[in-house]
Amino acid sequence: MISVSNLSLRYGKRTLFEDVNLKFTQGNCYGVIGANGAGKSTFLKILSGEVSQTSGSVAFTPGERMAVLKQNHYEFDEFSVLETVMIGHKELYAIMKEKDAIYMKEDFTEKDGERAGELENLFAEMDGWNMESNAATMLSNLGITEDNHYKLLKELDNTQKVRVLLAQALFGNPDILLLDEPTNDLDIETIAWLENFQLR
Ligand SMILES: Nc1ncnc2c1ncn2[C@@H]1O[C@H](COP(=O)(O)OP(=O)(O)OP(=O)(O)O)[C@@H](O)[C@H]1O
Ligand SMILES: [Mg+2]
């Protein structure tokens, strides 16, 4: 659940919204509508923590994970398709990166060894060894064939890109999924796939 209490946002003299009180409850799908520039994206960014409100608060059920499909489709252009999806599982991706960085070190200390051991355990517990193949399966289910998995995201066309970003959003098994204008570049097949998608 997300509860929004007395939320206000002002940019200088301009008030985008004021004293908003809302509850988003489990199992439901909500839509935010409004004219261009009304503040829909900004509202979602407050929910995801990307933008700070002027006053009020947003509270989540503790332990719930959130994923975001952004309106900006260029952020991951320089990453490979497969890596873009893996980034969606934030904790596991961070563990993998820290682990890789330790192994790259030339002056590998005893302490590094201990940390690497801890990270290996966490990685294995979180099914890290299957992360890449799980990401590949999700991409293939979305019609992104294997010959595309090692390309850079920017090499894909827009429809494919949004599918990859959608896979990224879903990859971490989120409890809360925020989609900003998901139908931009989402074709009918992908919309149908998303409607039938069951989080594990
Ligand atoms: N950092 C900022 N500083 C000042 N004004 C901002 C800032 N970010 C957004 N705005 C303004 O806030 C308003 C709301 O923008 P936002 O992108 O949330 O609208 P939107 O409802 O998502 O619009 P669209 O339908 O075009 O996606 C716009 O007028 C925008 O110019
Ligand atoms: Mg917007």
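Residues numbered from 1 in each chain as written. Chains lettered and ligands numbered in written order. Predicted model: local features only at pLDDT ≥ 70, side-chain atom pairs only at ≥ 80, totals over all residues. Heavy atoms only, no water.

**A closer look at the domain arrangement of the chain**
Where the parts come together, the accessible area they lose is often given as the size of the interface. Once the domains are mapped, the chain shows domain 1 (2–64) and domain 2 (81–173). Between the C-alpha centres of domain 1 and domain 2 there is a distance of 30 Å. (Domains from an automatic or database assignment.)

**Things to note about the site of ligand 1**
Around ligand 1 sit 13 residues in total, of which Arg14, Gly37, Lys40, Ser41 and Thr42 are the nearest. Between ligand 1 and Arg14 there is a distance of 2.7 Å, counted from an oxygen atom to a side-chain nitrogen or oxygen. Side-chain polar atom of Thr42 to an oxygen atom of ligand 1: 2.4 Å apart, as the coordinates give it. A total of 640 Å² of accessible area belongs to ligand 1 in isolation, and the protein chains cover 60% of it. Listing elements by their share of the shell around ligand 1, those giving two or more residues are strand E2 (14–24) and helix H1 (40–48). Looking at which element gives the most residues to the shell around ligand 1, the answer is H1, with three residues. Classifying every residue of the shell around ligand 1 gives four nonpolar, six polar and three charged. (Near = heavy atom within 4 Å. Polar contact = N/O pair within 3.5 Å; in protein donor to acceptor, adjacent residues only side chain to side chain. Areas by Shrake-Rupley, 256 points an atom, 1.4 Å probe, with all protein chains shown as cover. Helix = DSSP H or I, 4+ residues; strand = E, 2+ residues; numbered from the N terminus. Nonpolar A, V, L, I, M, F, W, Y, C, P; charged D, E, K, R; others polar.)

**Description of the pairing of strand E5 (residues 176–179)**
Of the two faces of E5, only one is covered, namely that formed by Ile176 and Leu178; the face formed by Leu177 and Leu179 stays uncovered. Sheet topology places strand E4 (residues 66–69) next to E5; four bridges connect them, and they run parallel. Of the residues in E5, the one forming a bridge with Met66 is Ile176. (Buried < 20%, exposed > 50% of the residue type's maximum accessible area, 1.4 Å probe, protein only. Pairing = 2+ DSSP bridges.)

**A word on the packing of aromatic side chains**
For any pair of aromatic rings, the description rests on two quantities: the centre-to-centre distance and the angle between the ring planes. All chains considered together, the criterion is met by seven aromatic pairs. Between Phe123 and Trp129, the aromatic rings sit 5.0 Å apart at their centres with planes inclined by 85°, giving edge-to-face as the arrangement. Given the relative accessible area of 3%, Phe123 is considered buried. A centroid spacing of 4.9 Å and a plane angle of 40° characterise the contact between Trp193 and Phe197, whose relative ring orientation is tilted. Classification of Phe197 by relative accessible area gives partly exposed; the value is 25%. Among the aromatic residues, those joined into a cluster by ring pairs are Phe17, Phe24, Tyr30 and Phe43. Sitting over the ring of Phe123, Lys99 keeps its end group 4.2 Å from the ring centre. (Phe/Tyr/Trp six-rings, centres within 6.5 Å; stacked < 30°, edge-to-face > 60°. Lys NZ or Arg CZ within 6 Å of the ring centre and 35° of its normal.)

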